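Next come the chains, spelled out residue by residue.
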Amino acid sequence: MLEITDLHVRYGRLTALRGISLTVQEGEIACVVGPNGAGKSTTLLSISGVLSPAEGTITFDGQTINGTRVEDVARMGISQVPEGRHIFTGLSVEENLQVGSAVRKDKDEIRKDFKRVLETFPILGERRKQPAGKLSGGEQQMLAIGRALMTNPRFMTIDEPSLGLAPKIVDRVYEVLIDLREKRGLTLLIVEQSSERALKAADTMYVLRNGEIQLHGKAADLQDGVEVHKAYFGFTEDHENEVMI
Ligand code: ATP
């Protein structure tokens, strides 16, 4: 469904991505984990059309999308839940959801999607007239996911869904994400700093460090976490003990 090939992205003289390649199959949950500054957000911003790559290609259903405008990427069925959620705290919950459907014209379908989002997240229905700034962190994450769903996506990227949330709330967010895949057939690309929770939910896992993919494979094959840990921190067998001291 989504294929990234040899992607290079630069911010001026700084190279943030150095030739990464990754594939997300339809119906899959793929996860990219990596430390601070690895290039995770840069990868997602390149997919959504916010950043233009210096080299390489991104295809969606076989069509090249790099260089495509953000609104057109959204119209193709790709939606992004950004890092830090970026909800509009002064707007009501309902208005925030309407922002998600602003580029659409299919009014009846928008109404149905709105209903579906409130069924998925009943708390948003209860609070629909309240300012979004009054919601807890977990509820704001639900709202950010709900807003992304209002674009009626087939493919959703989520930047650090667990950021700043208590473990119980993180579990709930992941339950929702897994449900969206199971019940709506949504394809998901999640990026996280911590690999533990993401490994449990993902079908495939990529470890990104310093702008390069260090390791990738089926999440089930990487479950014990040792290989992921080494790739994440750059340990080698020979130096593992040294570095850990
Ligand atoms: P984090 O977990 O901190 O969000 P990340 O893996 O998402 O990290 P990116 O935000 O993609 O990493 O950053 C990759 C590199 O690009 C880092 O070295 C970062 O400092 C740099 N970078 C990111 N955004 C910009 C920008 N707007 N201008 C200049 N450099 C940037």
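Residues numbered from 1 in each chain as written. Predicted model: local features only at pLDDT ≥ 70, side-chain atom pairs only at ≥ 80, totals over all residues. Heavy atoms only, no water.

Turning next to the site of the ligand. What surrounds the ligand is a group of 14 residues, the closest being Asn36, Gly37, Lys40, Ser41 and Thr42. Contact distances for the ligand include 2.4 Å between an oxygen atom and a side-chain N or O atom of Asn36. One nitrogen or oxygen atom from the main chain of Ser41 is found 2.8 Å from an oxygen atom belonging to the ligand. Against a free-state accessible area of 630 Å², the protein chains account for coverage of 62% of the ligand. (Near = heavy atom within 4 Å. Polar contact = N/O pair within 3.5 Å; in protein donor to acceptor, adjacent residues only side chain to side chain. Areas by Shrake-Rupley, 256 points an atom, 1.4 Å probe, with all protein chains shown as cover.)

Turning to the environment of Asn66, a few remarks are in order. Summarising the element assignment, Asn66 is placed in the loop between β5 (63-64) and α2 (70-75). Sequence spacing of Asn66 and Gly49 is 17 residues, and the spatial spacing of their C-alpha atoms is 6.5 Å. Aside from chain neighbours lying at most four places away, what touches Asn66 is Pro53, Gly56, Thr57 and Ile58. Among the polar contacts listed, one links the side chain of Asn66 to the backbone oxygen of Gly56, at a separation of 3.2 Å. (Helix = DSSP H or I, 4+ residues; strand = E, 2+ residues; numbered from the N terminus. Contact = heavy atoms within 4.5 Å.)

This next bit is on the sheet that holds strand β9 (residues 204-209). The strands that make up a sheet pair up through hydrogen bonds in the backbone, lying either parallel or antiparallel. Strand order in this open sheet of 6 strands is β6-β7-β8-β3-β9-β10, and the pairing throughout is mixed. Looking at the sheet topology across the chains shown, the edges are occupied by β6 (78-81) and β10 (212-218). Looking at each pair of strands side by side, their axes are set apart by 15° on average, direction ignored. Helix-sheet contacts for helix α1 (residues 40-47) involve β3 (29-33), β6, β7 (155-159), β8 (187-192) and β9, and the interaxial angle to β7 is about 150°. Each of β3, β7 and β8 touches helix α7 (residues 167-184); the most contacted strand, β8, lies at about 155° to it. (Pairing = 2+ DSSP bridges. Axes fitted to C-alpha atoms, helices over the stretch in contact; angles between N-to-C directions.)

Turning our attention to the pattern of salt bridges. The final tally for this structure, using the stated rule, is 18 salt bridges. Between Lys129 and Glu94 there is a salt bridge, and its shortest N-O distance comes to 2.9 Å. Taken as a pair, Lys129 in the loop between α5 (122-126) and α6 (137-149) and Glu94 in helix α3 (residues 93-100) lie far apart in primary sequence, 35 residues in all. Looking at Glu94, the relative accessible area reads 13%, which means it is buried. The closest approach of N and O atoms between Asp113 and Arg104, which form a salt bridge, is 2.8 Å. For Asp113, a relative accessible area of 4% translates into the label buried. Residues joined in a network through salt bridges with shared partners are Arg69, Glu71, Asp72 and Arg75. (Salt bridge = Lys/Arg side-chain N within 4 Å of Asp/Glu carboxyl O. Buried < 20%, exposed > 50% of the residue type's maximum accessible area, 1.4 Å probe, protein only.)

Mapped onto the elements, Glu28 comes out in the loop between β2 (14-24) and β3. Among the residues examined, Glu28 registers a relative accessible area of 12% and is labelled buried. Non-local contacts of Glu28, meaning those with residues more than four positions away in its chain, are made with Thr23, Arg181, Thr187, Leu188, Asp203 and Thr204.

Applying the stated rule across the entire model yields 2 aromatic pairs. Look at Phe60 and Phe155: their rings are 5.9 Å apart centre to centre, the planes differ by 65°, and that puts the pair in the edge-to-face class. With Phe60 in strand β4 (residues 55-60) and Phe155 in strand β7, the pair connects residues that are 95 residues apart, well separated along the chain. A single burial state applies to Phe60 and to Phe155, both of which are buried. (Phe/Tyr/Trp six-rings, centres within 6.5 Å; stacked < 30°, edge-to-face > 60°.)

Size of an interface, as often reported, equals the accessible area lost when the parts are brought together. Each assigned domain of the chain is listed here: domain 1 (1-23 + 53-59) and domain 2 (84-186). On a C-alpha basis, the centroid separation for the pair domain 1 and domain 2 is 28 Å. (Domains from an automatic or database assignment.)

In this structure, Ile145, Met156 and Leu177 are the most contacted members of the largest nonpolar core, which totals 46 residues. Those residues in contact with Leu177 that lie beyond four places of it in its chain are Ile145, Ile158, Pro161, Leu188 and Ile190. Of all hydrophobic cores here, the second largest spans 25 residues; its members include Leu2, Ile4, Ala38 and Val191. (Core = buried A, V, L, I, M, F, W, Y, C linked by side-chain atoms within 4.5 Å.)

Moving on, we come to the sheet that holds β4. A sheet is described by the order of its strands in space; here 4 strands give the open sequence β2-β1-β4-β5, paired in antiparallel fashion. Bordering the open sheet on either side are β2 and β5, each of which pairs with just one other strand. Judged from the 2 bridges that link them, β4 and β5 form a sheet pairing that is antiparallel. Considered in β5, the bridge of Thr59 is made with Thr64. Sitting on the sheet, α1 is in contact with β1 (2-11), β2 and β4, with an inclination near 115° to β1.

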